[in-house]
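# Secondary and tertiary structure notes
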Amino acid sequence: MAKKVAVIGAGVSGLISLKCCVDEGLEPTCFERTEDIGGLWRFKENVEDGRASIYHSVITNTSKEMSCFSDFPMPEDFPNFLHNSKLLEYFRIFAKKFDLLKYIQFQTTVVSVKKHPDFSSSGQWEVSTQSNGKEQHAVFDAVMVCSGHHIQPHLPLKSFPGIEKFKGQYFHSRQYKHPAGFEGKRILVVGIGNSATDIASELSKKASQVFISTRHGAWVMSRISEDGYPWDMVFHTRFSSMLRNVLPRTVVKWMMEQQMNRWFNHENYGLVPQNKYLMKEPVLNDDLPSRVLYGAIKVKTRVKELTETAAIFDDGTVEEDIDVIVFATGYTFSFPFLEDSLVKMEDNRVSLYKSMFPPHLEKPTLACMGLIQPLGSIFPTVELQARWATRVFKGLCSLPSESTMKVDIVERNEKRIDLFGKSQSQILQTNYIDYLDELALEIGVKPDLISLFFKDPKLAVKLYFGPCNSYQYRLVGPGQWEGARNAILTQKQRILKPLKTRSLKPSSNNSASFLLKILGLLAIILAFFFQLQWL
């Protein structure tokens, strides 16, 4: 008899969790409190309690080839970076392809998830739901929490003395939808994350002046990288990840600084990070530098105090006649349907084994999906989480002892603080490829690059020096997909397809191409030799 799994939420994490349950022969039921799929990525004009909210202009920060699910590439005519409506279209195609909608109960809210009386032996859960005013109860063998972490806004008003006197409008960025209504305003945006810079850039086209206040600064990157390719196709390679892991921190910091300043000098724009040694997530914004360059946005230090109409900053400067303050100060996460002891914060860390499993449960039958912030796309990350979790539920993969998991949680947190810092925004941060490979090892799907180099050198080169995308984790092991190799070798044509909308005669650069191939072959030999030294 198939084990019954409760999936809470029908956003990205919920959809891929459903598919992974079906792939493993489990019997899932998904509870979605709204009337449709998509979660965070389904734009609505009005903000709804208990649901993630985005502004109308949101575009993905990770490209389609790095964001698609591992056995379902996005259509080749899709743009490389997707408007939220286009990404939602992909999710609808995905759900239809794998017939996932039949497992979802819409407009059904999960009220509570509690251990069954015989949990220590059965590992089962009592799940209470509410729909149309009626409460129902059911028993499940496992639970996948897929409700996300962009719901509860973090609004630290106590850190802004004088906010109670401020006569203008202020709100969290969660409330922002579009620039209409802000024409001619003087606006202060607090924060330097992706939402803050997006909103500041968009408002600066309508407002009379926008100020952006940052405590620590940030590296700002364009979505466009070398030769016009998407940034993450260039940045997230196994070769680059290996270098960042083995080189001294000072060298890595220097390399990062050189790479980030290639577009523009951050110090000249007042954006250079306070602590360059931290590997904090760069901000992706194609407009911010130009908006700063011609004065539409002015970068300011931390807000020290607010008056009725002005903002006073740490450096003593004052900006008068502020009409609106937008607090782009991030989110906290909470799971009101879970008992407090299940998923908790301790010493500024999330006490979950590999960011998924509560270590103290007698049976590993509850997993939190997507409660992580990788330096890359969340979609392949949560897919590997779901593939692992469902195999743990089936007993095909096992977890170590509670003491071992707790030690791992502490060590992982220490490493996170060393790499990314202690700030609220970095609680869920993790290295991208390292984490993907950790999960892949647990499942048995991490490609063996050394043996592959001898069996299929063309593919091995793509895996090591090319973008580390999700197809790599379908080459071998459970869930192997016969189309994975071809998807890897043909990704370039899917990148270029939506760009080449004007017919051109092909150019010939044979000699240069031959020279590059020779140099590339030498680099490959050196890189593999270097890798072997570290194994």
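Residues numbered from 1 in each chain as written. Predicted model: local features only at pLDDT ≥ 70, side-chain atom pairs only at ≥ 80, totals over all residues. Heavy atoms only, no water.

### Concerning the packing of aromatic side chains
To describe a pair of aromatic rings, you give the distance between the ring centres and the angle between the ring planes. As a reminder of what qualifies: Here the aromatic set is Phe, Tyr and Trp, taking the six-membered ring for Trp, and pairing holds for ring centres within 6.5 Å; pairs whose planes are under 30 degrees apart are stacked, those over 60 apart are edge-to-face, and all others are tilted. Any Lys NZ or Arg CZ that is within 6 Å of a ring centre and within 35 degrees of that ring's normal is treated as a charge sitting over the ring.
By the definition in use, this model includes 27 aromatic pairs. Among the aromatic residues, ring-to-ring pairing joins W41, F69, F72, Y90, F91, F94, F98 and F379 into one connected group. Between K19 and the ring centre of F98, over which it is positioned, the NZ or CZ distance is 4.7 Å. Looking at K86, its charged tip hangs above the ring of F78, at a distance of 4.6 Å from the centre.

### Considerations on helix α12 (residues 432-443)
Test applied: Per the convention used, a helix needs a DSSP run of H or I reaching at least four residues, while a strand needs a run of E reaching at least two, with both numbered from the N terminus. One fewer than the residue count of a helix, multiplied by 1.5 Å, yields its expected span. Three exposure classes are used, based on accessible area relative to the maximum for each residue type with a 1.4 Å probe and protein chains only: buried under 20%, partly exposed in between, and exposed over 50%.
The end-to-end C-alpha separation of α12 is 17 Å, in line with the 16 Å expected for twelve residues at 1.5 Å each. Those residues of α12 lying buried are Y432, I433, Y435, L436, D437, L439, A440 and I443. In the stretch just after α12, G444 is the one whose phi turns positive, near 95 degrees.

### A word on the sheet that holds strand β7 (residues 142-145)
Applicable threshold: Pairing between two strands requires that DSSP report at least two bridges joining them. In this description, contact between two residues means that some pair of their heavy atoms is separated by no more than 4.5 Å. Every axis corresponds to a line fitted to the C-alpha atoms, with the helix fit spanning only the stretch in contact, and the corresponding angles, defined between N-to-C directions, vary from 0 to 180 degrees.
What the five strands build is an open sheet, ordered β3-β2-β1-β7-β22; its pairing is parallel. Both edges of this open sheet fall to β3 (104-105) and β22 (366-368), since each of them pairs with a single strand only. Alignment of strand β1 (residues 4-8) against strand β2 (residues 27-31), held across five bridges, turns out to be parallel. Across the sheet, residue I8 finds its bridge partner in β2, namely F31. The strands touched by helix α10 (residues 378-394) within the sheet are β1, β7 and β22, with β7 carrying the most contacts at an inclination of about 165 degrees.

### Quick notes on the pattern of salt bridges
Note the cut-off: Salt-bridge detection follows one rule: a side-chain nitrogen of Lys or Arg within 4 Å of a carboxyl oxygen of Asp or Glu.
Applying the stated rule across the entire model yields 28 salt bridges. Among the ionic pairs, E226 bridges to R262, the shortest N-O distance being 3.6 Å. Separated by 36 residues along the polypeptide, E226 in the loop between β12 (220-221) and α6 (231-235) and R262 in the loop between α8 (249-260) and β13 (283-284) bring together distant segments of the chain. With its nearest N and O atoms 2.6 Å apart, the salt bridge here joins R412 to E438. Highlighted residues: R412 in helix α11 (residues 402-420) and E438 in helix α12, separated in sequence by 26 residues. Residue classification places E438 among the partly exposed positions, given a relative accessible area of 25%.

### Concerning helix α3 (residues 84-97)
Rule in force here: What the arc describes is the spread of directions from the helix axis to the C-beta atoms.
With 14 residues, α3 should reach 20 Å at 1.5 Å per residue; the first-to-last C-alpha distance of 20 Å fits that figure. Within α3, burial applies to N84, L87, L88, Y90, F91, F94 and A95. Down the axis of α3, the smallest arc covering the buried residues is 150 degrees, so these residues share one side. Exposed residues on α3 whose side chains face more than 90 degrees from its buried face are K96 and K97. Looking at the buried side of α3, the elements it contacts are α1 (12-23) and α10. Of the residues flanking the end of α3, it is D99, one or two places downstream, whose phi is positive at about 55 degrees.

### Observations regarding a nonpolar patch on the surface
Note the threshold: In this scheme, patches are assembled from residues that exceed 30% relative accessible area and form no salt bridge. Like charges are connected within 9 Å, while nonpolar side chains (Val, Leu, Ile, Met, Phe, Trp, Tyr) are connected within 5 Å. Only the protein chains shown count as covering a residue, and every accessible area follows the Shrake-Rupley method with a 1.4 Å probe.
Together, V251, W254 and M255 make up an exposed nonpolar region whose accessible area comes to about 280 Å². Within the element layout of this structure, W254 appears in helix α8.

### Focus: the domain arrangement of the protein
A common way to express how large an interface is: the accessible area buried when the components associate. Which entries qualify depends on this criterion: For every domain, the bounds stem from an assignment made automatically or drawn from a database.
Structurally, the protein comprises domain 1 (4-151 + 333-440) and domain 2 (155-222 + 263-330). Spacing between the C-alpha centres of domain 1 and domain 2 amounts to 31 Å.

### Side note on the side chain of R174
The criterion, for reference: Under this rule, positive means Lys or Arg and negative means Asp or Glu; His and the chain ends count for nothing.
Position of R174 relative to the elements: it lies in the loop between β9 (169-172) and β10 (186-190). One buried charged residue, R174, remains without a salt bridge, the closest side chain of opposite sign being D49 at 4.9 Å. Residues contacting R174, with those up to four places away along its chain left out, are V47, E48, D49, G50, R51, A52, S53, H150, I151, P153 and Y331.

### What to know about the state of the cysteines
To keep it simple, the criterion reads: Cysteine sulfur atoms that come within 2.5 Å of each other are treated as a disulfide pair.
Going through the model one piece at a time under the given rule, you end up with zero disulfides. Free cysteine: C20, not disulfide-bonded; nearest cysteine sulfur from C21 at 7.4 Å. According to the relative accessible area criterion, C20 is buried, its value standing at 3%. Under the relative-accessibility criterion, C21 is labelled buried at 0%.

### Comments concerning empty space enclosed by the protein
Formally: Of the two site types, the cavity is a set of points on a 1 Å grid over the protein atoms alone where a 1.4 Å probe fits but cannot get out, and the pocket is an open set with protein on both sides within 12 Å along at least five of seven lines, each lined by residues with an atom within 4 Å of a point. Grid points are joined across faces, edges and corners, and a volume is the space filled by probe spheres set on the points. Following the grouping adopted for this structure description, the nonpolar residues are Ala, Val, Leu, Ile, Met, Phe, Trp, Tyr, Cys and Pro, the charged ones are Asp, Glu, Lys and Arg, and the polar ones are all others, Gly among them.
Under the criterion given, the structure shown has one cavity of 30 Å³ or more. The space that makes up the largest cavity amounts to roughly 30 Å³. Lining the largest cavity, in full, are V145, G148, F335, C368, M369, G370 and L371. Across the lining of the largest cavity, the residue classes break down as five nonpolar, two polar and no charged.

### Description of the nonpolar core
Put simply, the rule reads: Put simply, buried Ala, Val, Leu, Ile, Met, Phe, Trp, Tyr and Cys residues joined by side-chain atoms within 4.5 Å make one nonpolar core.
Residues M144, F357 and W388 are the most contacted members of the largest nonpolar core, which totals 101 residues. Both domain 1 (4-151 + 333-440) and domain 2 (155-222 + 263-330) contribute no fewer than three residues apiece to this core. Grouped together as the second largest cluster of nonpolar side chains are 23 residues, I8, V113, L352 and C368 included.

### A closer look at the packing of α10 against α12
Filter applied, for reference: Oblique is the label for any angle not under 35 degrees, not over 145, and not in the 65 to 115 range, which are roughly parallel, roughly antiparallel and roughly perpendicular in turn. Each crossing gets its hand from how the near helix is turned against the far one by less than a right angle, where anticlockwise is left-handed and clockwise is right-handed.
For the pair α10 and α12, the least separation of the axes is 9 Å and the interaxial angle reads 20 degrees. Here α12 runs roughly parallel to α10, going by the angle between their axes. In the packing of α10 onto α12, the handedness of the crossing is left-handed. Along the contact surface, α10 presents P380, T381, L384, Q385, R387, W388 and R391, while α12 presents Y432, Y435, L436, L439, E442 and I443.

### Here's the deal with the environment of W41
Turning to its location among the elements, W41 is positioned in the loop between β2 and α2 (64-67). Along the sequence, W41 and V22 sit 19 residues apart, while their C-alpha atoms lie 23 Å from each other. If near-sequence neighbours (up to four positions away) are discounted, W41 is found in contact with V12, I54, V58, T60, N84, L87, L88, F91 and F379.

### Section: unusual backbone geometry
The backbone of D321 shows a phi angle near 60 degrees, a positive value even though the residue is not glycine. One can find D321 in the loop between β17 (318-319) and β18 (324-327). Owing to a relative accessible area of 49%, D321 belongs among the partly exposed residues under this scheme. One non-glycine residue with positive phi stands out, namely S355, at about 65 degrees. Taking relative accessible area as the criterion, S355 reaches 15% and is therefore assigned buried.

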